[in-house]
Amino acid sequence: QVQLVESGGGLVQAGGSLRLSCAASGNILSINVMGWYRQAPGKQRELVAKITSGGNTNYANSVKGRFTISRDNAKNTVYLQMNSLEPEDTAVYYCNYYSAYSREYWGQGTQVTVSS
């Protein structure tokens, strides 16, 4: 089992910044992928960004140049620095953990609201 605890969501004005954190605990495998997904009301959950345990990253086109994903393997924690936030970024953000040798896990979600 893997537990994911997210923090850092909130309300911010357009153009502002937020930093999300996700701490993983439990049976963490050394080779894994952690990432952030989001789901806006009435829309499907979508990938925001992900990062492998080796540091390779992948971003949604809509956030490239504004968001940065990073991780601290010693702390089993992944971060999402979100700059130049737009109202369209408003969503519930979910942390995700995946390893080829285990099942996929999700955090409980944290709300990000960007006001115009």
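Keep in mind the model is a prediction, meaning the values are calculated, not measured.

Before going further, it helps to examine the sheet that holds strand 1 (residues 2-7). The sheet built from four strands is open, its strands ordered 1-3-8-7 with antiparallel pairing. This sheet does not close on itself; its edge strands, each paired only once, are strand 1 and strand 7 (67-72). With strand direction ignored, the average angle separating the axes of adjacent strands in the sheet is 15 degrees.

Take the side chain of Asn32 next. Within the secondary structure layout, Asn32 lies in the loop between strand 3 (18-26) and strand 4 (33-39). Looking at Asn32, the relative accessible area reads 5%, which means it is buried. A distance of 2.6 Å separates a polar side-chain atom of Asn32 from the backbone oxygen of Leu29. At 2.7 Å, the side chain of Asn32 forms a polar contact with the side chain of Arg71. Residue contacts for Asn32: discarding those within four places in its chain leaves Ile51, Thr52, Ser53, Arg71, Tyr97, Tyr98 and Ser99.

Here we take up the packing of aromatic side chains. Summed over all chains, the structure comprises two aromatic pairs. Arranged with centres 5.0 Å apart and planes meeting at 70 degrees, the rings of Tyr37 and Trp106 form a pair that is edge-to-face. Taken together, the residues Tyr37 in strand 4 and Trp106 in strand 10 (residues 105-106) connect sequence positions 69 residues apart. With a relative accessible area of 19%, Tyr37 lands in the buried category. Taking the relative accessible area as the measure of exposure, Trp106 reaches 34% and is therefore partly exposed.

Ranked by internal contacts, the top residues of the largest apolar core, which has 29 residues, are Leu4, Trp36, Leu80, Met82 and Tyr93. Those residues in contact with Met82 that lie beyond four places of it in its chain are Gly16, Ser17, Leu18, Leu20, Arg66, Phe67, Tyr93 and Val112.

When you tally the buried positions in strand 9 (residues 91-98), you get six out of eight residues, the bulk of the element. Inspection of the sheet shows strand 4 paired to strand 9 by seven bridges, in the antiparallel sense. When the sheet's bridge partners are listed, Trp36 is paired in strand 9 with Cys95. Note that strand 9 and strand 11 (residues 110-115) share three bridges and pair antiparallel. Note that in strand 11 the partner of Val92 across the bridge is Gln111. Bridge analysis of strand 9 against strand 10 gives two bridges, and the strand direction is antiparallel. Across the sheet, the residue bridging to Tyr97 is Tyr105, located in strand 10. Between strand 9 and strand 10, which pair antiparallel in sequence order, lie six residues.

What counts, and at which threshold
Residues numbered from 1 in each chain as written. Predicted model: local features only at pLDDT ≥ 70, side-chain atom pairs only at ≥ 80, totals over all residues. Heavy atoms only, no water. Pairing = 2+ DSSP bridges. Helix = DSSP H or I, 4+ residues; strand = E, 2+ residues; numbered from the N terminus. Axes fitted to C-alpha atoms, helices over the stretch in contact; angles between N-to-C directions. Buried < 20%, exposed > 50% of the residue type's maximum accessible area, 1.4 Å probe, protein only. Polar contact = N/O pair within 3.5 Å; in protein donor to acceptor, adjacent residues only side chain to side chain. Contact = heavy atoms within 4.5 Å. Phe/Tyr/Trp six-rings, centres within 6.5 Å; stacked < 30°, edge-to-face > 60°. Core = buried A, V, L, I, M, F, W, Y, C linked by side-chain atoms within 4.5 Å.

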